[in-house]
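Tertiary structure, described
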Amino acid sequence: MTHNTFALKGTICFSADAQRINIHENSWLVCEDGICAGVFSELPKKYSGIPCRDTGDCLIIPGLTDLHLHAPQYTYRGTGMDLELLDWLNTYTFPEESKYRDLTYAREAYSIFMNDLKKSATTRASVFATIHVEATELLMDLLEETGLKTYVGKVNMDRNGSSALQETSAGASAGDTRRWLEEIRGKYRNTKPILTPRFTPSCTDELMTELSRIQKEYRLPVQSHLSENPGEIAWVQELCPNTRFYGEAYDQFGLFGGKSCPTIMAHCVYSTEEEIALMKTRGVYIAHCPQSNTNIASGIAPVRRYLEEGLHMGLGSDIAGGSSLSILRAMTDAVQVSKLRWRLVDDTCKPLSLEEVFYMATLGGGSFFGKVGSFEKDYEFDAVILDDQNLPHPQKISSRDRLERLIYLADDRNIVGKYAAGRKLF
Ligand code: GUN
Ligand code: FE
């Protein structure tokens with residue numbers, strides 16, 4: 001035991017697996033040096049006298065992971081919901097992201113984003129920035145201060161952008177990426193770089209070749225978009241006539257998973273059998289973004305199928321395709337769209353359960369960050385304290401039902417405490 005040992009006391013909930021949630025009422029959760037030492041119904045003797053935060057009747061859950069979001073798009077969330085992906089990008093996204101060339105604007109906008117992320121139930125996130133090196137570093141500086149654990153990517157795009165938002169060549173894009181990686185080398189504890197080709201239509205083969213070299217040199221993880229929208233998929237087929245399916249457009253450059261290239265692909269609404277098989281072989285993480293898929297009318301991803309295949313999967317807010325930063329909300333949305341898919345598309349795929357979406361938001365997505373998303377011994381200590389006193393009920397309800405109600409009904413008022421890797425954020 002070290003001096004950096006403490007306990008939280010309350011009703012402790014975490015996934016056993018995708019089908020079961022362990023619930024320990026009136027129990028202690030012990031943290032030693034940022035690592036979970038276990039859940040105890042009686043505090044073991046060796047811990048007697050350690051500092052304890054007694055949360056009373058609160059629920060304590062693992063910190064949530066947002067596997068996919070765009071920080072610069074936080075400004076226009078909840079607006080511009082009248083278009084599909086490609087027109088939406090050209091009309092709203094690219095003009096907004098071009099503003100981050102201006103560091104004064106970037107500081108103001110990213111500060112708002114950072115403050116809201118801090119208050120949320122999210123402790124881990126994989127974040128797209130923009131093509132701009134300075135603004136990306138500014139975002140990393142701000143996130144580092146929050147204590148949240150994040151991956152941040154400077155975006156690469158050397159084609160099909162706009163005059164205001166596009167890098168001038170593959171060489172310029174790769175050069176800026178290398179400069180960014182050198183400038184942040186060794187600078188942060190909580191904030192790590194992730195290679196971020198926006199999506200295939202934004203990146204020439206020449207750029208993908210450069211990014212493949214950079215990925216190997218710096219041993220970086222990768223994040224991008226995959227099979228989100230029918231128009232996008234048809235466009236990728238035109239741009240890459242040599243590929244059999246979209247995922248191959250990344251895979252041919254070694255940017256699609258595998259042991260030395262952990263990869264997150266957002267959406268996967270229309271992945272073909274071959275694409276699904278390759279994601280499974282390569283261990284690609286799918287970021288399921290149900291609210292975005294609804295808002296910009298992309299469709300409903302076959303999540304039941306992915307769970308049955310045992311694919312790695314987490315939830316993403318996909319701000320600003322998704323309008324809410326809340327991963328509690330993403331859990332609700334995932335359940336709801338799965339019901340529509342079951343009713344309207346394929347009645348052999350039963351809807352997602354609360355247990356399954358809770359798993360995706362915690363262990364499922366968290367595992368991209370290592371031993372994260374559980375209160376089993378040896379997991380990094382990410383915890384969120386949820387208070388449901390403002391949601392009174394005339395009867396005593398079960399802890400499982402309280403958890404479900406909080407997932408459906410909670411807002412920032414219910415999130416009363418948060419720890420990331422053992423550090424108290426509030
Ligand atoms: N595909 C390429 N860029 C984007 C983006 O910013 N948001 C979403 N949802 N899809 C994309
Ligand atoms: Fe996205």
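Residues numbered from 1 in each chain as written. Chains lettered and ligands numbered in written order. Predicted model: local features only at pLDDT ≥ 70, side-chain atom pairs only at ≥ 80, totals over all residues. Heavy atoms only, no water.

**Some points on the side chain of histidine 225**
You can see histidine 225 is positioned in strand S11 (residues 222-226). Within the local environment of histidine 225, its side chain forms a polar contact with the backbone oxygen of arginine 198, the two atoms lying 2.8 Å apart. Residues contacting histidine 225, with those up to four places away along its chain left out, are His68, His70, Phe128, Arg198, Phe199, Tyr246, Tyr250, Met265, Ala266 and His267. (Helix = DSSP H or I, 4+ residues; strand = E, 2+ residues; numbered from the N terminus. Polar contact = N/O pair within 3.5 Å; in protein donor to acceptor, adjacent residues only side chain to side chain. Contact = heavy atoms within 4.5 Å.)

**Things to note about the pairing of strand S12 (residues 263-267)**
With five of five residues buried, S12 lies mostly within the body of the structure. As judged from the five bridges shared by S11 and S12, these two strands associate in the parallel manner. Among the inter-strand pairings, glutamine 223 is bridged to a residue of S12, identified as isoleucine 264. Across three bridges, the pairing between S12 and strand S13 (residues 285-288) is parallel. Paired with methionine 265 across the strands is isoleucine 286, a residue of S13. Handedness of the crossover joining S12 and S13 through helix H8 (residues 273-282) is recorded here as right-handed. (Buried < 20%, exposed > 50% of the residue type's maximum accessible area, 1.4 Å probe, protein only. Pairing = 2+ DSSP bridges. Right-handed = clockwise from strand over helix to strand, strands pointing away.)

**A few points about the sheet that holds S11**
Within the open sheet, the four strands sit side by side as S11-S12-S13-S14. Their pairing is parallel. Each having just a single partner strand, S11 and strand S14 (312-315) make up the two edges of the open sheet. Across the sheet, the axes of successive neighbouring strands diverge by a mean angle of 30°, strand direction being ignored. In this structure, S13 lies alongside S14, joined through four bridges in parallel fashion. What sits directly across from alanine 287, in S14, is glycine 314. (Axes fitted to C-alpha atoms, helices over the stretch in contact; angles between N-to-C directions.)

**As for the coordination of the iron ion (ligand 2)**
For a metal with four tetrahedral donors the ideal donor-metal-donor angle is 109.5 degrees, while six octahedral donors give ideal angles of 90 or 180 degrees. Coordination of the iron ion (ligand 2) by the protein is provided by His68 (NE2), His70 (NE2), His225 (NE2) and Asp318 (OD), with metal-donor distances spanning 2.0 to 2.3 Å. Here the iron ion (ligand 2) is ringed by four donor atoms whose angles at the metal span 87 to 174°, and the overall shape comes out irregular. Counting residues between consecutive donors of the iron ion (ligand 2) along the chain gives the motif H-x1-H-x154-H-x92-D. Of this pair, histidine 68 sits in strand S5 (residues 64-70) while aspartate 318 sits in the loop between S14 and helix H11 (327-344), and the two are 250 residues apart along the sequence. Looking at histidine 68, the relative accessible area reads 1%, which means it is buried. (Donors = N, O, S within 2.8 Å, 3.2 Å for Na, K, Ca; no water. Tetrahedral: all angles 85-135°; square planar, octahedral: opposite > 155°, others 65-115°.)

**Thoughts on the site of ligand 1**
Around ligand 1, the neighbouring residues are His70, Gln73, Leu85, Trp88, Leu89, Arg198, Phe199, His225, Glu228, His267 and Asp318. Within the contact set of ligand 1, an oxygen atom lies 2.9 Å away from a side-chain nitrogen or oxygen of glutamine 73. Here ligand 1 is seated within the largest cavity. The element contributing the most residues to the shell around ligand 1 is helix H1 (residues 85-98), with three residues. (Near = heavy atom within 4 Å. 1 Å grid on protein atoms, 1.4 Å probe; cavity = no way out; pocket = protein on both sides within 12 Å on 5 of 7 lines; lining within 4 Å. Sits in = over half its atoms within 2 Å of the grid points.)

**Regarding the side chain of serine 338**
By the secondary structure assignment, serine 338 is in helix H11. The contact partners of serine 338, leaving out residues within four places of it in the chain, are Pro351 and Leu352.

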